[in-house]
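Observations on the model geometry
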Amino acid sequence: MSDKKQSKENPTVLPEYKIEKTPFSWEKLDGLLAFKANLTVCEEILGVHQNTIKNHIRARYGITFTEYMDRKLSVTKIRLIQKAIKMAENGSSTMLIFCLKNICGWQDKIENVNLDTTPIKIEIVKDNAN
């Protein structure tokens, strides 16, 4: 019997994924994500497969790994902004400039950008009066 016929007759059924059988530390995962660890790093340190991490996040929160990572990294971002502002307030001119540019959107010089790219047509008209 050919392989094609056999696979049609006996389809492979994967067992249902059971989260209880593959626990891991949410505390460790959250700690790793606070430092922008990717899925591969989390897999190695937690000692579980990437799919296990993704399945746990999907089961508990209904979101993807990337969405969960963004949520956990947001706390780190706020702390960094607070620290930068505090350093600027304490007299660090470098940090003050950094904060004004990156947090407040300031620029060294404002570029004049012509948003209208329509070509200008110049027409020379001869005066036949002369």
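It should be noted that the structure appears before, not after, this text.
Residues numbered from 1 in each chain as written. Predicted model: local features only at pLDDT ≥ 70, side-chain atom pairs only at ≥ 80, totals over all residues. Heavy atoms only, no water.

**Digging into the overall build of the protein chain**
The secondary structure content of the protein chain amounts to six helices and zero strands. Secondary structure elements of the protein chain occur, N-terminal to C-terminal, as α-α-α-α-α-α. Considering the protein chain as a whole, with its 130 residues, one finds that 19% of them fall into the buried category. Long-range pairs, those at least 24 residues apart, make up 49% of the contacts in the protein chain with a sequence separation of at least 6. Only carbon and sulfur atoms are counted for the fraction: they give 54% of the accessible area of the protein chain, which is about 11500 Å². (Helix = DSSP H or I, 4+ residues; strand = E, 2+ residues; numbered from the N terminus. Buried < 20%, exposed > 50% of the residue type's maximum accessible area, 1.4 Å probe, protein only. Contact = heavy atoms within 4.5 Å. Areas by Shrake-Rupley, 256 points an atom, 1.4 Å probe, with all protein chains shown as cover.)

**Some words on the packing of helix H5 (residues 65–89) against helix H6 (residues 93–102)**
Two quantities define a packed helix pair, namely the angle between the helix axes and the distance between the axes. Running from N to C, H5 and H6 point in directions that differ by 130°, and their axes come no closer than 7 Å. The orientation of H5 with respect to H6, classified from their angle, is oblique. Considering how the two elements wind past one another, H5 and H6 form a crossing that is left-handed. Residues Ala84, Ile85, Met87 and Ala88 of H5 pack against Met95, Leu96 and Cys99 of H6. Here the contact of H5 with H6 is built from residues that sort into seven nonpolar, no polar and no charged. (Axes fitted to C-alpha atoms, helices over the stretch in contact; angles between N-to-C directions. Parallel < 35°, antiparallel > 145°, perpendicular 65-115°, else oblique. Left-handed = near helix turned anticlockwise from the far one by under 90°. Nonpolar A, V, L, I, M, F, W, Y, C, P; charged D, E, K, R; others polar.)

**Description of helix H2 (residues 26–33)**
Taken as a whole, H2 has its buried residues at Trp26, Leu29, Leu32 and Leu33. The arc enclosing the buried residues of H2, seen along the axis, measures out at 125°, which places them on a common side. Facing away from the buried side of H2, by more than 90 degrees, are the exposed residues Glu27 and Lys28. Elements that come into contact with the buried residues of H2 comprise helix H3 (39–46), helix H4 (50–61) and H5. (Arc of directions from axis to C-beta.)

**A short note on a nonpolar patch on the surface**
Taken together, the side chains of Ile78, Ile81, Ile85 and Ile103 make up a nonpolar region of the molecular surface, amounting to roughly 310 Å² of accessible area. One can find Ile81 in helix H5. (Patch = residues over 30% accessible without salt bridge, like charges linked within 9 Å, V, L, I, M, F, W, Y side chains within 5 Å. Salt bridge = Lys/Arg side-chain N within 4 Å of Asp/Glu carboxyl O.)

**As for unusual backbone geometry**
Trans is the prevailing form of peptide bonds, just as negative phi is the prevailing case for residues other than glycine. The phi dihedral of Lys36 is positive, around 65°, even though this residue is not glycine. With respect to the helices and strands, Lys36 occurs in the loop between H2 and H3.

**Some thoughts on the nonpolar core**
Ranked by size, the top nonpolar core spans 16 residues in total, and within it Leu29, Cys42, Leu46, Ile53, Ile57 and Phe65 carry the most contacts. Counting residues per element, the ones that place at least two in this core are H2, H3, H4 and H5. Those residues in contact with Ile57, other than ones at most four positions away along the chain, are Trp26, Leu29, Gly62, Ile63, Thr64, Phe65 and Tyr68. (Core = buried A, V, L, I, M, F, W, Y, C linked by side-chain atoms within 4.5 Å.)

**Overview of H4**
For H4, built from 12 residues, the straight-helix expectation of 16 Å at 1.5 Å per residue is met to within 8% by its first-to-last C-alpha distance of 16 Å. All buried positions along H4 are accounted for by Thr52, Ile53, Asn55, His56 and Ile57. The inward-facing, buried residues of H4 contact H2, H3 and H5. Directly after H4, the chain includes Gly62, whose backbone phi takes a positive value near 70°. (Expected span 1.5 Å × (residues − 1).)

**Looking at the packing of aromatic side chains**
Counted according to the given criterion, the structure contains four aromatic pairs. Ring plane angle 40° and centroid distance 5.1 Å describe the contact between Phe24 and Trp26, whose orientation is recorded as tilted. Trp26 gets classed as buried once you look at its relative accessible area, which sits at 16%. Considering the side-chain rings of Trp26 and Tyr61, the 5.7 Å spacing of their centres and the 85° angle between planes classify their relative orientation as edge-to-face. (Phe/Tyr/Trp six-rings, centres within 6.5 Å; stacked < 30°, edge-to-face > 60°.)

Interpretation in functional terms is not warranted from these geometric data alone.
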